[in-house]
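Okay, here's what each chain looks like letter by letter:
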Amino acid sequence: MASYVFAQNVPAAEYDRSLAWAALALAALGAVMVYSASISTAEASRFSGNNPAYYLARHGLFLGLALGAAIGVFLVPVRVWQHAAPWLFLGCIALLALVLVPGVGREVNGARRWISLLVISFQPSEAMKLAAVLYAADYTVRKHAVMKRFRKGLLPMLGVMLVVSWLLLREPDFGALVVIAVTAFGVLFLGGMNGRHFVALVSMLAVGFAGLVLSSPYRLQRIFGFMDPWSDPYGKGYQLSHALIAFGRGEWLGVGLGASVEKLSYLPEAHTDFLLAVIAEELGFAGIAVVIALFAWIVLRAFAIGRQAALRERHFPALAAQGIAIWLGFQAFINMGVNMGLLPTKGLTLPLMSFGGSGLVVNCVAIAILIRIDWENRQLARGLPA
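These numbers come from a predicted model, not from an experiment.

Conventions and cut-offs
- Residues numbered from 1 in each chain as written.
- Predicted model: local features only at pLDDT ≥ 70, side-chain atom pairs only at ≥ 80, totals over all residues.
- Heavy atoms only, no water.
- Helix = DSSP H or I, 4+ residues; strand = E, 2+ residues; numbered from the N terminus.
- Rg over C-alpha atoms; globule rule 2.2 N^0.38 Å.
- Buried < 20%, exposed > 50% of the residue type's maximum accessible area, 1.4 Å probe, protein only.
- Areas by Shrake-Rupley, 256 points an atom, 1.4 Å probe, with all protein chains shown as cover.
- Lys, Arg positive; Asp, Glu negative; His and termini not counted.
- Charge placed at Lys NZ, Arg CZ, Asp CG, Glu CD.
- pLDDT = per-residue confidence, 0-100.
- Contact = heavy atoms within 4.5 Å.
- Pairing = 2+ DSSP bridges.
- Core = buried A, V, L, I, M, F, W, Y, C linked by side-chain atoms within 4.5 Å.
- Phe/Tyr/Trp six-rings, centres within 6.5 Å; stacked < 30°, edge-to-face > 60°.
- Axes fitted to C-alpha atoms, helices over the stretch in contact; angles between N-to-C directions.
- Parallel < 35°, antiparallel > 145°, perpendicular 65-115°, else oblique.
- Expected span 1.5 Å × (residues − 1).
- Bend = angle between axes of the 7 residues up to and from the residue.

## A few points about the overall build of the chain
(1) Moving on: Each helix and strand in the chain was counted, giving 13 helices and three strands.
(2) Moving on: Relative to the compact-globule value of 21 Å for 386 residues, the chain shows a C-alpha radius of gyration of 21 Å, a close match.
(3) Moving on: Projecting the C-alpha coordinates of the chain onto the three principal axes gives extents of approximately 60 × 50 × 45 Å.
(4) Moving on: Considering the chain as a whole, with its 386 residues, one finds that 50% of them fall into the buried category.
(5) Moving on: When the accessible surface of the chain is split by element, carbon and sulfur atoms take 68% of a total near 16900 Å².
(6) Moving on: Across the chain, 29 positive and 19 negative side-chain charges occur, with their mean positions spaced 12 Å apart.

Written as structure tokens, this is what we have:
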């Protein structure tokens, strides 16, 4: 990235170093903690060949792909993403439909969310998160004159989001649905949606999500487990009770890197959905505070970059940056809330940190787009072409 900036005769400081370093710090800490959290699981699994470094090796591969993709994406002008946004969105819808085809989509633990690509698997719902941000930003800019009108402004977007929702619920991937819906309609609100329409939409979404929970026995069990995990610590409250034990053992400074007990086949999905609990146990409150501070800084910088773009009347980059802030911040908030027992258990990874190739690559691409938006803002401020 730095070499490209210098090649354009622009000082290296002409991109947001603090944003880049915050993202790199989260990714680096995530790699360390994925290794720590997965050693026991990898050693006990025949699938991994009983290799304790199996998940670290795969995560390292994904991280390398993610950084390579991020550098490539930084070289792409933001206007290209605006032109490509509708096609990316349609492509992701096609992939969400393809994953449901028997023989194409891979089923794991009762959910069909992955498409096998030789040695790795691709999760279309992760790509849809970014595609939804870019499409919502582009849609809002194109429809700005009629955004306050229901039939011409909100209804078309609502229609395509219902298609996406139906496909995600067929997998099922309720967590991704919540993140995508909140992010897309958050972008529409920031772009000038009618306030009354927004309130009605939020109310409708709340009723819809409540209906999905009440109509699904396993989701309802998660709610009961969340309300009182200790009433059934070996059943519906198992994950949350062990996550809370991990937080309790960590105290202020943690038990030490690698010394977690909960990761020893007690806490399910310790290297993915519940990575934060392992961080809490091994690094304590201090480690959790650092993670929260880094995410908060990324979200604040993303909103600031969006505001700077808006001041220069660059409406698509502004909404894209703010949409990325909503997406990453909201998903991190849900994951942290689940790990801390503040929200019902939901299968959402911690952005930039948890094990998972598709999510890691897409998260890094989103950060690269943010840095590109900021770079173009600075170019324009200096009177140079973006």
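So that's the structure; there's more coming.
## Let's talk about the confidence of the model for the chain
(1) Moving on: Confidence in the prediction for the chain averages 90 pLDDT; 97% of positions are at 70 or higher.
(2) Moving on: Highest mean pLDDT in the chain belongs to helix α11 (residues 275-311) (98); lowest belongs to helix α1 (residues 2-7) (40).
(3) Moving on: In this model residues 1-13 is a low-confidence stretch, pLDDT under 50, and it forms 22 contacts with partners more than four residues away in sequence or in other chains.

## Re the pairing of strand β2 (residues 111-117)
(1) Moving on: Sheet analysis places strand β1 (residues 105-108) next to β2, joined by four bridges and oriented antiparallel. Within β2, the residue paired with E107 across the bridge is R112.
(2) Moving on: Taking the residues between adjacent antiparallel strands as the criterion, β1 and β2 are bridged by two residues, where N109 takes a positive phi near 55°.
(3) Moving on: Two elements, β2 and strand β3 (residues 120-122), share three bridges in a ladder whose sense is antiparallel. The partner of I115 across the bridge, within β3, is F122.

## Regarding the environment of S358
(1) Moving on: Tracing the backbone shows S358 in helix α13 (residues 357-381).
(2) Moving on: Note on S358: relative accessible area 11%, which makes it buried.
(3) Moving on: As a C-alpha pair, S358 and W114 span 244 residues in sequence and 9.6 Å in three-dimensional space.
(4) Moving on: Apart from residues lying up to four places away in sequence, S358 is in contact with S121, F122, Q123 and E126.

## What to know about the nonpolar core
(1) Moving on: F89, M128, M157, F185, V291 and W327 are the most contacted members of the largest nonpolar core, which has 114 residues in total.
(2) Moving on: In this structure M128 touches F89, C92, I93, L96, V164 and I180, once residues within four positions along its chain are discounted.

## Structural notes on the packing of aromatic side chains
(1) Moving on: Under the criterion given, the structure shown has nine aromatic pairs.
(2) Moving on: Between the aromatic rings of F74 and W375, the centroid separation amounts to 6.0 Å while the plane-to-plane angle is 70°, which identifies the pairing as edge-to-face. Of the two residues, F74 sits in helix α3 (residues 54-74) while W375 sits in helix α13, which places them 301 residues apart along the sequence. Comparing F74 with W375 shows no difference in burial state: the two are buried.

## So, the packing of helix α7 (residues 174-190) against helix α8 (residues 195-214)
Two measures define how a pair of helices packs: the angle their axes make with one another and the distance between the axes.
(1) Moving on: The contact between α7 and α8 brings their axes to 12 Å, and the two run at 175°. Relative to α8, the element α7 is oriented roughly antiparallel. In this structure, α7 uses F174, L177, V178, A181, F185 and F189 to contact α8, whose residues at the interface are F198, L201, L205, F209, L212 and V213.

## Some thoughts on helix α4 (residues 78-98)
(1) Moving on: Taking 1.5 Å of rise per residue, 21 residues should cover 30 Å, and α4 covers 29 Å from first to last C-alpha, within 8% of that figure.
(2) Moving on: A84 marks where α4 bends most, by close to 50°; the proline P86 follows one to four residues later.
(3) Moving on: V78, W81, A85, F89, C92, I93 and L96 are the residues of α4 that are buried.
(4) Moving on: Looking at the buried side of α4, the elements it contacts are α3, α5 (124-142), α6 (150-170), α12 (315-340) and α13.

## Here's the deal with the side chain of D138
(1) Moving on: Structurally, D138 can be placed in helix α5.
(2) Moving on: Classification of D138 as buried rests on a relative accessible area of 4%.
(3) Moving on: If sequence neighbours within four positions are ignored, D138 has contacts with Q82, A85, P86 and F316.

## As for unusual backbone geometry
(1) Moving on: Each neighbour pair has its own omega, and for E171 with P172 the value is -10°, a cis peptide bond.
(2) Moving on: Located in the positive-phi region is E251, a residue other than glycine, with phi close to 50°.
(3) Moving on: For E251, the location among the structural elements is in the loop between α10 (238-250) and α11.
(4) Moving on: Residue classification places E251 among the exposed residues on the basis of a relative accessible area of 60%.
(5) Moving on: At E269, a position not held by glycine, the phi torsion is positive, near 55°.
(6) Moving on: Summarising the element assignment, E269 is placed in the loop between α10 and α11.

## Focus: the environment of G72
(1) Moving on: Its place among the elements puts G72 in helix α3.
(2) Moving on: When the C-alpha positions of G72 and A368 are compared, they lie 8.6 Å apart, and in sequence the two are 296 residues distant.

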